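# Analysis of the macromolecular model
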Amino acid sequence: MSEPLPPLREVINRYDLGAKKSLGQHFLLDLNMTRKIARAASVNENDQVLEIGPGPGGLTRALLETGARVTAIERDQRCIEALTDVTAAFDGRLKVIEADALTANEAEILSARTPVKIVANLPYNISTELLIKWLKAGPALWSVMALMFQKEVADRILAAPGSKAYGRLSVIAQTASLPSRAFNLPARAFTPPPKVESTVVLFEQPKELFPALGALEKVTQAAFSQRRKMLRSSLKSIFGDDLAQALSSIGIEETRRAEELSIDQFKALALALSQNA
């Protein structure tokens, strides 16, 4: 790095970076915390990193300090302008792409530099959609992800069967990855402070890829959208007349409800659905 960068609060004032609620922005300005996130993903000088919503660049700086190369996707033009000093300071190791992360083609943006580590303080309003997108992309896109969510969302990702937070997101995330809680952050760590606590979740690749992730999405969507109903009712729309046989072959009673099934049972149902398609 050539010259010291200005403090993040100065960057926010200079570029009028009042956080936009419509973009789910909550800026993390504590560089000790941003460095802790980079360490959670074990980012080093050999890594290619994808960051989403860099804002004024707090986490971006921490990632670049490791020696890694960073590609940042940002849709807020104000933030893109604010990152020009960071780009200049780190010898061209930062590439900022103006795009909507939900519709961006990461493979095209990253060219041949995959798989990458995805490290991001995600916009809260699209965090779940982005996670599902990346889980479906699998090891062709990423090797490790360290992502910040509202604590409530993180609890759902990590929830065990039978718990109140257990649901569709739990099953998909724990099938397509190995998620673990890295650490929690209080609301006061952000500008502006959100009304909730936040959690950084670390995702690692599973030993084996599950071949029927699309079918698992359908099964969990049907089961948990009517979680108070018995499976004989909630899954009827996707299995049709094959439902009784599918449940029986796996050893699941028709009277059970979605929250009572293990992840392995959901996976078995997904495989049965894909074979019947």
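Description of the structure in this document.

Parameters at a glance
Residues numbered from 1 in each chain as written. Predicted model: local features only at pLDDT ≥ 70, side-chain atom pairs only at ≥ 80, totals over all residues. Heavy atoms only, no water. Helix = DSSP H or I, 4+ residues; strand = E, 2+ residues; numbered from the N terminus. Rg over C-alpha atoms; globule rule 2.2 N^0.38 Å. Lys, Arg positive; Asp, Glu negative; His and termini not counted. Charge placed at Lys NZ, Arg CZ, Asp CG, Glu CD. Polar contact = N/O pair within 3.5 Å; in protein donor to acceptor, adjacent residues only side chain to side chain. Contact = heavy atoms within 4.5 Å. Buried < 20%, exposed > 50% of the residue type's maximum accessible area, 1.4 Å probe, protein only. Pairing = 2+ DSSP bridges. Right-handed = clockwise from strand over helix to strand, strands pointing away. Salt bridge = Lys/Arg side-chain N within 4 Å of Asp/Glu carboxyl O. Axes fitted to C-alpha atoms, helices over the stretch in contact; angles between N-to-C directions. Left-handed = near helix turned anticlockwise from the far one by under 90°. Nonpolar A, V, L, I, M, F, W, Y, C, P; charged D, E, K, R; others polar.

## So, the overall build of the chain
If you tally the helices and strands in the chain, you get 14 helices and nine strands. Here the C-alpha radius of gyration of the chain, 21 Å, is about what a compact globule of 277 residues would show, namely 19 Å. Projected onto the principal axes, the alpha-carbon positions of the chain cover approximately 70 × 40 × 25 Å. Averaging the positions of the 34 positive and the 31 negative side-chain charges in the chain gives two centres separated by 5 Å.

## Examining the side chain of Q265
Inspection of the secondary structure puts Q265 in helix α14 (residues 263–276). At 2.9 Å, the side chain of Q265 forms a polar contact with the backbone nitrogen of S262. Beyond its immediate chain neighbours, meaning those up to four positions away, Q265 contacts I252, R256 and E260.

## Describing the pairing of strand β5 (residues 116–121)
Put simply, side chains in a regular strand alternate between the two faces of the sheet. The buried fraction of β5 is high, at six of six residues. Taking every second residue as pointing to the same face, both faces of β5 are buried, with V116, I118 and A120 on one and K117, V119 and N121 on the other. Pairing geometry for strand β2 (residues 48–52) and β5, over two bridges, is parallel. Opposite V49, over in β5, you have K117 as the bridge partner. The pairing of β5 with strand β6 (residues 142–150) spans six bridges and is classified as parallel. What sits directly across from V116, in β6, is W142. Handedness of the β5-helix α7 (residues 127–137)-β6 crossover: right-handed.

## Examining the pattern of salt bridges
Across all of its chains, the model carries 15 salt bridges by this definition. Here D47 ties to K117 by a salt bridge, and the two come within 3.0 Å at their closest N and O atoms. In this pair, D47 is assigned in the loop between α2 (31–40) and β2 and K117 in strand β5, connecting sequence segments 70 residues apart. For the pair formed by D47 and K117, the shared burial category is buried. The partner of D155 in a salt bridge is R181, with the nearest N and O atoms 3.0 Å apart. With D155 in helix α8 (residues 151–158) and R181 in strand β7 (residues 178–185), the pair connects residues that are 26 residues apart, well separated along the chain. In this structure D155 comes out as partly exposed when scored by relative accessible area, which is 24%. If you follow the salt bridges from partner to partner, you end up with E10, R14 and D85 in one network.

## A short note on the packing of helix α10 (residues 213–225) against α14
Direction vectors running N to C along α10 and α14 enclose 115°, while the axes themselves pass 8 Å from each other. The way α10 lies across α14 gives a crossing that is right-handed. Here α10 contributes A215, L216, K218, V219, T220, A223 and F224 to the contact with α14, which in turn contributes F266, K267, L269, A270, L273 and S274. Counted by class, the contact of α10 with α14 contains nine nonpolar, two polar and two charged residues.

## So, the sheet that holds β7
If you trace the seven strands from one edge of the open sheet to the other, you get β4-β3-β2-β5-β6-β9-β7, paired in mixed fashion. The outermost strands of the open sheet, each flanked by one partner alone, are β4 (94–98) and β7. Along the sheet, successive strands turn relative to each other by an average axial angle of 20°, direction set aside. Where strand β3 (residues 69–74) lies against β4, five bridges are found, and the strand directions are parallel. Bridging from a neighbouring strand, E74 pairs with E98 of β4.

## Quick word on the environment of A189
With respect to the helices and strands, A189 occurs in the loop between β7 and β8 (190–191). Residues A189 and F239, spaced 50 residues apart in sequence, show a C-alpha to C-alpha distance of 47 Å. Aside from chain neighbours lying at most four places away, what touches A189 is F27, L28 and L29.

## Digging into the pairing of strand β9 (residues 198–204)
Most of β9 is tucked away, with six of its seven residues classed as buried. One ladder, built from seven bridges, connects β6 with β9; its direction is antiparallel. Bridge pairing in β9 places F149 opposite T199.

None of the figures reported here should be taken as evidence of function without further support.
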